[in-house]
Amino acid sequence: MALRKIREMGDDCLRAVCKEVTEITPRIEELVEDLIDTMYEADGVGLAAPQVGIRKRIAVVDVGEGPVVLINPEVVSAEGEQTGNEGCLSVPGKCGVVTRPLKVKVKTRNMNWEWEEIEGEELFARAMLHEMDHLDGILYVDKVEGELMDVEAPEED
Ligand code: ZN
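Residues numbered from 1 in each chain as written. Predicted model: local features only at pLDDT ≥ 70, side-chain atom pairs only at ≥ 80, totals over all residues. Heavy atoms only, no water.

Novice: Help me out: how do you make sense of the coordination of the zinc ion in this one?
Specialist: Octahedral six-donor coordination of a metal ideally yields angles of 90 or 180 degrees, compared with 109.5 degrees for tetrahedral four-donor coordination. The coordination sphere of the zinc ion contains the protein donors C88 (SG), H130 (NE2) and H134 (NE2), at a distance range of 2.0 to 2.2 Å. By relative accessible area, H134 is classed as buried at 1%. (Donors = N, O, S within 2.8 Å, 3.2 Å for Na, K, Ca; no water. Buried < 20%, exposed > 50% of the residue type's maximum accessible area, 1.4 Å probe, protein only.)

This is the structure:
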């Protein structure tokens, strides 16, 4: 296991349109493991490869039900709408309101290089869409409604 350094807003890598993965190699396997470890260490619900400086279409998400790996993911369908707070490990200490679909169906390669479909709603849908935006160089701050806000210190709750 290895932790990778999370790039912060202002880093060019976060604005890159990432390249499709063409096969699962040992390096890709290592990257996915590192993304998962780094996400947990940072207490995030998702992390995309460009956030650690790798311009590949790979992201991981865990909203509390175990890690989900997205490789070359595409949205198949989306419905409904949810408006809520969002944050990003690349924009530390901030959050903001973003409206996204309530439910999504995503088509993705898995670690066996098979296509599979993953359906998610609420936070899981939001997290997958947020991470997929990273693969196109889009940050939630581009979609935020109103101003970015400071995250309250955890001691306050
Ligand atoms: Zn993010």
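Novice: Explain unusual backbone geometry to me, please; I cannot follow it from the model alone.
Specialist: Across the chain, the bulk of peptide bonds are trans and the bulk of non-glycine residues have phi less than zero. Its identity as a non-glycine residue notwithstanding, N72 has a phi of 50°, on the positive side. Examined against the element boundaries, N72 turns out to sit in strand β3 (residues 68-79). Located in the positive-phi region is W113, a residue other than glycine, with phi close to 65°. Looking at the element boundaries, W113 is found in the loop between β6 (103-109) and β7 (115-121). Judged by relative accessible area, which is 26%, W113 ranks as partly exposed. (Helix = DSSP H or I, 4+ residues; strand = E, 2+ residues; numbered from the N terminus.)

Novice: Teacher, can you tell me more about the nonpolar core here?
Specialist: The nonpolar side chains of a soluble globular protein tend to be buried, and buried together. Counting 16 residues, the largest nonpolar core has V32, L35, L47, I58 and V60 as the members making the most contacts within it. When contributions to this core are tallied by element, the ones reaching two or more residues are α1 (26-41), β2 (58-61) and β3. With 6 residues, α1 is the largest single contributor of residues to this core. Sequence-distant contacts of V32, that is, excluding residues within four places in its chain, are made with I58, V60, V69 and M111. V68, L70, V104 and A127 belong to the second-largest nonpolar core, a separate cluster that totals 12 residues. (Core = buried A, V, L, I, M, F, W, Y, C linked by side-chain atoms within 4.5 Å. Contact = heavy atoms within 4.5 Å.)

Novice: Help me out: how do you make sense of the environment of T108 in this one?
Specialist: With respect to the helices and strands, the residue T108 is situated in strand β6. Filtering out sequence-adjacent residues up to four positions away, T108 remains in contact with V69, L70, I71, P73, E114, W115, E116 and I118. Among the polar contacts made by the side chain of T108, one reaches the main-chain amide nitrogen of I71 at a distance of 2.8 Å. (Polar contact = N/O pair within 3.5 Å; in protein donor to acceptor, adjacent residues only side chain to side chain.)

Novice: So what exactly am I meant to see when it comes to the environment of E8 here?
Specialist: As for its position among the elements, E8 is in the segment before α1. Judged by its relative accessible area of 45%, E8 is partly exposed. Once the C-alpha coordinates of E8 and V52 are considered, the two residues, 44 residues apart in sequence, prove to be 9.2 Å apart. Discounting chain neighbours no more than four positions away, the residues touching E8 are L14, S90 and P92.

Novice: How do you make sense of helix α2 (residues 123-134) when you look at a structure like this?
Specialist: For the α-helix, the turn length of 3.6 residues means that residues three or four positions removed from each other point alike. For α2, with 12 residues, the first-to-last C-alpha span of 17 Å sits near the 16 Å given by 1.5 Å per residue. In terms of residue burial, α2 counts as a mostly covered element, since 11 of its 12 residues are buried. Taken residue by residue, α2 has F124, A125, R126, A127, M128, L129, H130, E131, M132, D133 and H134 as its buried positions. (Expected span 1.5 Å × (residues − 1).)

Novice: Please explain the pairing of β2 as it appears in this structure.
Specialist: Two faces, one strand: in a regular strand the side chains alternate between the faces of the sheet. In β2, alternate side chains face the same way, and those of I58 and V60 on one face and A59 and V61 on the other are all buried. Where strand β1 (residues 46-48) meets β2, 3 bridges bridge the pair, whose relative direction is antiparallel. The residue bridging L47 from the neighbouring strand is V60, located in β2. In textbook terms, the turn of a hairpin is the stretch between consecutive antiparallel strands, and for β2 and β3 this stretch comprises 6 residues, one of which, G64, has a positive phi near 110°. (Pairing = 2+ DSSP bridges.)

All quantities given are derived from atomic positions and should not be read as evidence of function.
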